[in-house]
Amino acid sequence: MYTFCREDYERRMTWYCQARFGMFIHWGLYAIPARGEWVRSVEQMPKEDYMRYFEAFDPVDYDPARWARAARKAGMQYVVLTAKHHDGFCLFDSQYTDFKSTNTRLGRDIVADFVQAVRAEGLKVGLYFSLLDWYHEDYPHCGDRNHPMRNHPEYGNEHRNFDRYLDFMHAQVRELCTNYGKLDLLWFDFSYDDLRGEAWRASELADMVRTLQPGIILNNRLEVSGEGYGSLAACSPTPYHGDFVSPEQMIPPNGIQDAPGRDLVWEACVTMNRSWGYHATDRFFKPAPMLIKKLVECVSKGGNLLLNVGPDARGNIPPESLERLAEIGRWMDKNSASIYGCGKAGIEKPDYGRVTRNGNRLYFHVYENTLGPLPLLGVRREDIRSIRYLATGAEIPISTSWVHSDYPQIVFADLGLDPVLPDQTDTVIEVELKKEGSETL
Ligand code: GLC
């Protein structure tokens, strides 16, 4: 049986903590009603009504190579696809259900295509798998908090056998861990009420996954959901502990620490608009500059950002998302050294932006121009080897202006006469220190 070993843990988390930026893809039958992936539950839609989307599913523009390329060009390092969401529809050729993509007009094993496309772009592969299944007869219906039929006593649970459901669910996870080559990450979703931990037979499940896929990374939702940190935070890791904490639609104010105060690994999953699955009328897209700053914020707090897209019923990532990915990519092309492999700087956040750090390199992310030379709070003059714009490599002199002569302890960078920053979203200044251990003030 799997037990936690910190050395192994740190080894398997290395790529993930370096990567910092990934793509989440929510795709399934719910792209057709186009009201989000919870549509069946929200509208308490009977199974029979939902089946019309199964009959209609025909994504003529489907091409996971384009999704993977968009992710790579945005600077993302891993991609996580919904192999199965709560509606129970499988994007893979499971032998345990007929409710799967190979039985639609598309007739393809989407997970197989996806894994191949993502690998071809050199990115890490992740699969999302819902612990809930609103299609399976043995999953609790009436009275379950989330099930579409929750309010219908005629969908009572007397004849349902939850253990049979668990056998089925475990068998599907086994298929995913067996039939698609190496998986880098498995993203379970989610625990609620009494359904958490061993209610999922989670020790057995996690042990199987880790045996079939050595080195795989698991999130913490066998134990919790978007709320709750999990047993690693409590320093009493269960055999099904998450490898990272998965806050949802928010960035933790101070990163996340375990009980004795050590930084934990975490990943904020965030939508570009307000929906995970494709939503036809959700126009609330976050602007690209904001998304760039949120990525930087995650890194500066020691976390990852998993940014979601929801392809439409034809298989296309919405244009609004593609535009944002492209703009993020243009920034990443020049500035990714301030993201990959970076983390907390150990310096207080300056009022004009944020700071990330990789070893002896500090990255000052300047969002707002200062009046006069820019204070590099937290660094000592004698420790500085160079100060340069990351985007161009151009050197930035240390200011000798009289205006800051009242602050002799602080190093000021001289950005020149132009009051407008070269990159108005985030101009990154790389400060190389003489040695890794150079102390910060
Ligand atoms: C949730 C939702 C869901 C979404 C997920 C992403 O808990 O149930 O629809 O897939 O979070 O984090």
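A quick note: this is a predicted structure, and the numbers were derived from the prediction, not measured.

Colleague: Can you tell me about the overall build of the chain, naming the residues and giving the values?
Modeller: In terms of regular secondary structure, the chain is built from nine helices and 14 strands. Taken over the C-alpha trace, the chain has a radius of gyration of 24 Å; the compact-globule value for 441 residues is 22 Å, and the two agree within 12%. Seen along its three principal axes, the alpha-carbon backbone of the chain occupies a region of about 80 × 45 × 40 Å. Taking all contacts inside the chain whose residues are at least 6 apart in sequence as the whole, residues at least 24 apart take part in 71%. Accessible area for the chain stands at about 18500 Å²; split by element, carbon and sulfur atoms hold 49% of it. Side chains of the chain carry 50 positive and 62 negative charges; the gap between the two charge centres is 3 Å.

Colleague: Describe the sheet that holds strand 6 (residues 266-271), and please don't skip the residues or the numbers.
Modeller: As summarised here, the arrangement of the seven strands in space is 5-4-3-2-1-7-6, forming an open sheet in which the pairing is parallel. In this open sheet, the two strands that pair with only one neighbour each are strand 5 (217-218) and strand 6. Where strand 4 (residues 185-189) lies against strand 5, two bridges are found, and the strand directions are parallel. Bridge pairing links L185 to I217 in strand 5.

Colleague: So, the domain arrangement of the chain: which residues are in play, and what are the values?
Modeller: Interface size is commonly expressed as the accessible surface area that is lost when the partners come together. Here the chain is partitioned into domain 1 (6-341) and domain 2 (345-433). Contacts between the two partners involve 15 residues from domain 1 and, on the opposite side, 14 residues from domain 2. Taken together, the two surfaces of domain 1 and domain 2 that pack against each other cover about 1300 Å², and 58% of this comes from carbon and sulfur. Connecting domain 1 to domain 2 are one salt bridge. Residues E297 and R354 are paired through a salt bridge, measuring 3.8 Å at the closest nitrogen-oxygen approach. Where domain 1 touches domain 2, the interface holds two residue pairs in polar contact (both at pLDDT 80 or more). At the level of elements, helix 8 (288-300) and helix 9 (319-335) are the ones that each hand at least two residues to the side of domain 1 that touches domain 2. Element by element, the count of residues in the side of domain 1 that touches domain 2 is highest for helix 8, at seven residues.

Colleague: Quick one: what's the story with the side chain of S338, residue by residue and with numbers?
Modeller: With respect to the element layout, S338 can be found in the loop between helix 9 and strand 8 (343-344). For S338, a relative accessible area of 0% translates into the label buried. A distance of 2.6 Å separates a polar atom in the side chain of S338 from the backbone oxygen of N335.

Colleague: Please give an account of helix 5 (residues 110-120) that cites residues and values.
Modeller: What helix 5 keeps buried is the set I110, V111, D113, F114, V115, A117 and V118. If you follow the buried residues of helix 5, they end up packed against strand 1 (21-25), helix 4 (64-73), strand 2 (78-84), strand 3 (124-130) and helix 6 (162-179). Taking the backbone nitrogen of V111 as reference, a side-chain oxygen 3.2 Å away marks D109 as the first, capping residue of helix 5. G122 occupies a position one or two residues after helix 5 and carries a positive phi of about 80°.

Colleague: Break down the layout of surface pockets for me, with residues and values.
Modeller: Gaps between atoms show up when a probe of the same size as a water molecule is rolled over them. A volume near 410 Å³ is recorded for the largest pocket. Together, 16 residues line the largest pocket, and E10, C17, D263, L264 and V265 are the ones closest to its centre. Breaking the lining of the largest pocket down by element, the ones donating at least two residues are helix 1 (6-19) and strand 8. Broken down by element, the residue count for the lining of the largest pocket peaks at six residues, all from helix 1.

Colleague: Give me the pairing of strand 7 (residues 303-309): which residues, what numbers.
Modeller: With seven of seven residues buried, strand 7 is to be regarded as a mostly interior element. The alternating pattern of strand 7 places G303, L305, L307 and V309 and N304, L306 and N308 on opposite faces, both of which are buried.

Colleague: Outline the site of the ligand, supporting the account with residue identities and numerical values.
Modeller: Around the ligand, 14 residues are found, and the nearest of them are H26, E37, W38, H85 and H86. Within the side chain of H26, an N or O atom sits 2.5 Å from an oxygen atom of the ligand. In the model, an oxygen atom of the ligand is placed 3.4 Å from a nitrogen or oxygen of the R221 side chain.

Colleague: Before we move on, could you go through the nonpolar core and cite the residues and values that matter?
Modeller: Counting 116 residues, the largest nonpolar core has V111, V173, F188 and W200 as its most contacted members. Counting only domains with at least three residues in this core, you end up with domain 1 (6-341) and domain 2 (345-433). Leave out the neighbours within four places in its chain, and F188 touches F129, L131, V173, L205, V209, L218, N219, R221 and L222. In this structure, V366, I387, Y389 and A413 belong to the second largest nonpolar core, which totals 20 residues.

Colleague: Explain the environment of M13 residue by residue, including any values.
Modeller: Relative to the elements of secondary structure, M13 occurs in helix 1. When its relative accessible area of 3% is taken as the criterion, M13 is described as buried. Sequence separation between M13 and I217 is 204 residues; the distance between their C-alpha atoms is 7.2 Å. With near-sequence residues (within four places) excluded, M13 lies in contact with I217, D243, F244 and V265.

Colleague: Explain the sheet that holds strand 9 (residues 353-358) to me, using residue names and the numbers behind them.
Modeller: By way of backbone hydrogen bonds, the strands of a sheet pair with one another, either parallel or antiparallel. Taken in spatial order, the five strands line up as 8-9-10-14-12 in an open sheet, and their pairing is antiparallel. On the outer flanks of this sheet lie strand 8 and strand 12 (384-389), each paired with one strand and no other. The pairing of strand 10 (residues 361-366) with strand 14 (residues 427-433) spans six bridges and is antiparallel. Along strand 14, the bridge assignment pairs Y363 with E430.

Colleague: So what about the pairing of strand 14? Which residues, and what values?
Modeller: Most of strand 14 is tucked away, with seven of its seven residues classed as buried. Side chains of strand 14 alternate between two faces, with T427, I429, V431 and L433 and V428, E430 and E432 buried alike. Where strand 12 and strand 14 come together, five bridges link them in antiparallel fashion. Along strand 14, the bridge assignment pairs I384 with L433.

Criteria and cut-off values
- Residues numbered from 1 in each chain as written.
- Predicted model: local features only at pLDDT ≥ 70, side-chain atom pairs only at ≥ 80, totals over all residues.
- Heavy atoms only, no water.
- Helix = DSSP H or I, 4+ residues; strand = E, 2+ residues; numbered from the N terminus.
- Rg over C-alpha atoms; globule rule 2.2 N^0.38 Å.
- Contact = heavy atoms within 4.5 Å.
- Areas by Shrake-Rupley, 256 points an atom, 1.4 Å probe, with all protein chains shown as cover.
- Lys, Arg positive; Asp, Glu negative; His and termini not counted.
- Charge placed at Lys NZ, Arg CZ, Asp CG, Glu CD.
- Pairing = 2+ DSSP bridges.
- Domains from an automatic or database assignment.
- Buried area = accessible area lost by both parts, 1.4 Å probe.
- Salt bridge = Lys/Arg side-chain N within 4 Å of Asp/Glu carboxyl O.
- Polar contact = N/O pair within 3.5 Å; in protein donor to acceptor, adjacent residues only side chain to side chain.
- Buried < 20%, exposed > 50% of the residue type's maximum accessible area, 1.4 Å probe, protein only.
- 1 Å grid on protein atoms, 1.4 Å probe; cavity = no way out; pocket = protein on both sides within 12 Å on 5 of 7 lines; lining within 4 Å.
- Points joined across faces, edges and corners; volume = space filled by probe spheres on them.
- Near = heavy atom within 4 Å.
- Core = buried A, V, L, I, M, F, W, Y, C linked by side-chain atoms within 4.5 Å.

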